[in-house]
Amino acid sequence: MSLGIWVLGDQLSLAQAALASTAPCEARVLLVESSSVLGLRAYHRQKLVLVWSAMRHFAEDLRQAGWTVDYRIGERFGDTVRAWIEEHGIRELRLMEPADRGFRGAIDALDLPVTLQWLPSTAFLWSREAFAEWAGGYRQLRMELFYREGRRRFGVLMQGEGSGAEPLGGQWNFDHDNRKPPAKGLQGPEPLWFEPDAITQAVIARVEQLDQDRQSQGHHPLPGQLLRFRWAVSRQQALQVLDHFIDTRLEGFGPYQDAMVSGQPTLWHALLSPYLNLGLLHPLEVIRALEQRGLERAVPLAGLEGVIRQILGWREYTHGLYHWFGADYASSNHLGAEAPLPPWLEGEGASGMACMDTVLAELEESGYAHHIQRLMVLANYGLLAGLNPQAFTAWFHRQFIDGHDWVMQTNVLGMGLFADGGRLASKPYAASGNYIRRMSTYCKGCAYDVSQRHGPSACPFNSLYWDFLARHQDRLRSNPRMALVFKQLDKLPAEDLAAIRGAAAAHRDQWA
Ligand SMILES: Cc1cc2nc3c(=O)[nH]c(=O)nc-3n(C[C@H](O)[C@H](O)[C@H](O)COP(=O)(O)OP(=O)(O)OC[C@H]3O[C@@H](n4cnc5c(N)ncnc54)[C@H](O)[C@@H]3O)c2cc1C
Ligand code: SF4
């Protein structure tokens, strides 16, 4: 067999384009587990375990499906792949286009002694070409229009046929029915977790060994704990998570999707992003399952539409924009934010802010935080404090179980930090402590006082928020969606604003 197929770590689907291009008897398949990734980024321990264990399980699935599989564990990709090519006389190597731009460049640069054939990615609903064709028709891109087009194009939650088709329930968006603050004692259902099997335990041992080796060479410990690794690691388990979400959490997803509750890190969230991003689940199969079973069970449309919007809308949109905006997007810094990351983000000490320390502790334990924790606690802080967007994006990439370049850039730089000047979001997602007080239970246990804007016990989100508006008013005042907050800023007495800005500067100066 002179045909080889190299399956990358986020392409773990039997239906992916390179595998679908031939029959199992016609090619050998290669998977490479390379520790050189740690030279680029010190990933959360659980992320490493998830990806490598999922790759090892996928190799078994491939064998069962009749493929000849070579699973190689090596230090460097290039050496490992070259040795495999030579050993098996591979003359043509097929790969599916990776979602992350960097991989394609790195593989092309290996200059392998084979004919390299790149096949267009089938991992998303929208191909890059289809997205470009859609985006080229607009001066200002907005997710809502993209999402509506996706609903029509893929026939999701629609009634009627052809050009007369209408959104089910007569409207596209039910957001006003969602976003409830947490009710007293709010408790979400238990998520479905898994005990590590023998394959996962072997990977855990490898990650611990690699971490120790790195530390003995003078590196910092890898972020995150490995005490309780409970993620799904195979397609079969990922499908169980999907079923469990539909059976136990779909009904509650809508109302409390923006709520944050101490001791409840997952609430009604789907916990599907790690599996979607590795290819264990395809977004279209998830959307179809949600739609079909949600409608059968008469799940309120607001919640059903809400979760489908996340996958058919936001997920496809962030991927499409990543390729549409191109490589330069990664260096965006519209607000000129240059503050270094505070040491507590890297596990040195605590921030003293209950919201931040709660989210960081949950992240440490599992590699996961839900969307509003990411957007309105972590990224909101970064935006207000003026943390450097490239350093903060790299931090997100290191810390999150579901982190990949294609999804981080638009979410962190664009949605979270407004570093792209509004190419993704029509205004910065900037909020004072008041938002966190309303949408979470964190403030009750905090050493800071959320009702204070300045003074020694004032909530840092408050002083940073008003300082952010004052600092960037030249850039942001002309945005009609910011008119109301600038009216409020203008009403602040000058001495109050001076004291607030003094408190913000003192907070930021702690690690400048
Ligand atoms: C600052 C910031 C960083 C983020 N980093 C990542 C990341 O590294 N990886 C990642 O997959 N998502 C990221 N997101 C998007 C979103 O927060 C996660 O997809 C979601 O929290 C994953 O948890 P879940 O599966 O429980 O999602 P749910 O809240 O239950 O949503 C269901 C699914 O919708 C999709 N989704 C929802 N929102 C988005 C979005 N904005 N972009 C892409 N997909 C979305 C995900 O696939 C998710 O699994 C980030 C968002 C922000 C604001
Ligand atoms: S008071 Fe401020 S810092 Fe403390 S939890 Fe509330 S928002 Fe966070």
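Draft legend 1. Summary view of the overall build of the chain. The helix and strand tally for the chain stands at 22 helices and seven strands. Computed over C-alpha atoms, the radius of gyration of the chain comes to 24 Å, within 12% of the 24 Å expected from 2.2 N^0.38 for 512 residues, which places it in the range of a compact globule. Overall, the chain is about 80 × 65 × 45 Å in size when its C-alpha atoms are taken along their principal axes. Within the chain, contacts between residues at least 6 apart in sequence are counted, and of these 76% link residues at least 24 apart.

Draft legend 2. Summary view of the domain arrangement of the chain. Each assigned domain of the chain is listed here: domain 1 (3–119), domain 2 (128–193 + 230–325) and domain 3 (343–509). A straight line from the C-alpha centre of domain 1 to that of domain 3 covers 39 Å. The interface of domain 1 with domain 3 comprises twelve residues on the first partner and eleven residues on the second. Secondary structure elements with two or more residues in the side of domain 1 that touches domain 3: helix 3 (45–64) and helix 5 (101–109). Residue composition of the side of domain 1 that touches domain 3, grouped by class: four nonpolar, three polar and five charged.

Draft legend 3. Focus on the environment of Pro191. Counting through the fold element by element, Pro191 comes out in the loop between strand 7 (166–167) and helix 8 (198–216). On the basis of neighbour count, Pro191 is assigned to the buried category, with 20 C-beta atoms found within 10 Å. As for Pro191 and His269, which are separated by 78 residues in sequence, their C-alpha atoms are 9.0 Å apart. Those residues in contact with Pro191, other than ones at most four positions away along the chain, are Thr266 and Leu271.

Draft legend 4. Molecular detail of the environment of Met353. Along the chain, Met353 falls in the loop between helix 13 (301–325) and helix 14 (354–366). With 90 residues separating them along the chain, Met353 and Gly263 place their C-alpha atoms 16 Å apart.

Draft legend 5. Layout of unusual backbone geometry. Phi is positive for Leu267, which is not a glycine, with a value near 45 degrees. Topologically, Leu267 is positioned in the loop between helix 10 (250–253) and helix 11 (273–278). Exposure remark for Leu267: the 22 C-beta atoms within 10 Å place this residue in the buried category. Non-glycine residue Phe418 carries a positive phi angle of around 55 degrees. On the basis of neighbour count, Phe418 is assigned to the buried category, with 26 C-beta atoms found within 10 Å.

Draft legend 6. The site of ligand 2, seen in detail. The environment of ligand 2 is made up of 14 residues, and the closest members are Met353, Cys355, Cys443, Cys446 and Cys459. For the shell around ligand 2, the secondary-structure elements that each account for two or more residues are helix 14, helix 18 (433–439) and helix 19 (460–471). By residue number, the principal contributor to the shell around ligand 2 is helix 18, which donates three residues. Of the residues assigned to the shell around ligand 2, the class counts are twelve nonpolar, one polar and one charged.

Draft legend 7. Just the packing of helix 19 against helix 22 (residues 494–509), in detail. Two elements in contact, helix 19 and helix 22, have axes whose closest approach is 8 Å; the angle formed by their N-to-C orientations is 110 degrees. The angle between helix 19 and helix 22 places the two elements in the roughly perpendicular class. Contact residues: Pro460, Ser463, Leu464, Trp466, Asp467 and Ala470 in helix 19; Leu497, Ile500, Arg501, Ala503, Ala504 and His507 in helix 22. Its residues assigned to classes, the contact of helix 19 with helix 22 shows eight nonpolar, two polar and two charged.

Draft legend 8. A look at the packing of helix 14 against helix 15 (residues 371–385). Helix 15 packs onto helix 14 with a crossing angle of 115 degrees between their chain directions and a minimal axis gap of 10 Å. Between helix 14 and helix 15 lies a crossing whose hand is left-handed. Side by side, helix 14 and helix 15 meet where Cys355, Met356 and Val359 of the first sit next to Gln373, Val377, Leu378 and Tyr381 of the second. Classifying every residue of the contact of helix 14 with helix 15 gives six nonpolar, one polar and no charged.

Draft legend 9. Highlighting helix 19. Here helix 19 is twelve residues long and its end C-alpha atoms lie 16 Å apart, about the 16 Å a rise of 1.5 Å per residue gives. Of all twelve residues that make up helix 19, ten are buried, and the element is covered over most of its length. Within helix 19, the full set of buried residues consists of Pro460, Phe461, Asn462, Ser463, Leu464, Tyr465, Trp466, Asp467, Phe468 and Leu469. For helix 19, the elements touching its buried residues are helix 15, helix 18, helix 20 (473–476), helix 21 (483–491) and helix 22.

Draft legend 10. The arrangement of the nonpolar core in detail. Counting 140 residues, the largest nonpolar core has Ala54, Leu272, Tyr275, Ile308 and Leu384 as the members making the most contacts within it. Of the residues forming this core, the biggest block, ten residues, is contributed by helix 3. Not counting residues up to four positions away in its chain, the partners in contact with Leu272 are Val241, Leu242, Phe245, Leu281 and Val286.

Draft legend 11. Here's a closer look at the site of ligand 1. The environment of ligand 1 is formed by 28 residues, the closest being His269, Ala270, Ser273, Gln310 and Arg315. Along the lines of polarity and charge, the residues of the shell around ligand 1 split into 15 nonpolar, ten polar and three charged.

Draft legend 12. Examining the sheet that holds strand 1 (residues 3–6) more closely. The five strands lie next to each other as 3-2-1-4-5, forming an open sheet whose pairing is parallel. Lying at the two open borders of the sheet, with one neighbouring strand each, are strand 3 (68–74) and strand 5 (115–119). Direction aside, neighbouring strands of the sheet carry axes that sit 25 degrees apart on average. Here strand 2 (residues 28–34) runs beside strand 3; their pairing, made up of seven bridges, is parallel. For Leu30, the partnering residue across the bridge sits in strand 3 and is Asp70.

Draft legend 13. Structural context of the pairing of strand 1. Relative to strand 4 (residues 92–96), strand 1 runs parallel, the two sharing three bridges. Residue Ile5 lies in a different strand from strand 4, and its bridge partner there is Arg94. Bridge count for strand 1 against strand 2 is three bridges, and the pairing is parallel. Residue pairing for strand 2: Gly4 is matched across the bridge by Arg28.

Draft legend 14. Structural context of the environment of Ala425. Here Ala425 shows up in the loop between helix 17 (405–416) and helix 18. Sequence-wise, Ala425 and Met415 are ten residues apart; in three dimensions their C-alpha atoms are separated by 5.7 Å. Setting aside its immediate chain neighbours within four residues, Ala425 contacts Gly414, Met415 and Phe418.

Basis of the calculations
- Residues numbered from 1 in each chain as written.
- Chains lettered and ligands numbered in written order.
- Predicted model: local features only at pLDDT ≥ 70, side-chain atom pairs only at ≥ 80, totals over all residues.
- Helix = DSSP H or I, 4+ residues; strand = E, 2+ residues; numbered from the N terminus.
- Rg over C-alpha atoms; globule rule 2.2 N^0.38 Å.
- Contact = placed C-beta atoms within 7 Å.
- Domains from an automatic or database assignment.
- Nonpolar A, V, L, I, M, F, W, Y, C, P; charged D, E, K, R; others polar.
- Buried ≥ 20, exposed ≤ 12 C-beta atoms within 10 Å, placed from the backbone.
- Near = placed C-beta within 6 Å.
- Axes fitted to C-alpha atoms, helices over the stretch in contact; angles between N-to-C directions.
- Parallel < 35°, antiparallel > 145°, perpendicular 65-115°, else oblique.
- Left-handed = near helix turned anticlockwise from the far one by under 90°.
- Expected span 1.5 Å × (residues − 1).
- Core = buried A, V, L, I, M, F, W, Y, C linked by C-beta atoms within 7 Å.
- Pairing = 2+ DSSP bridges.

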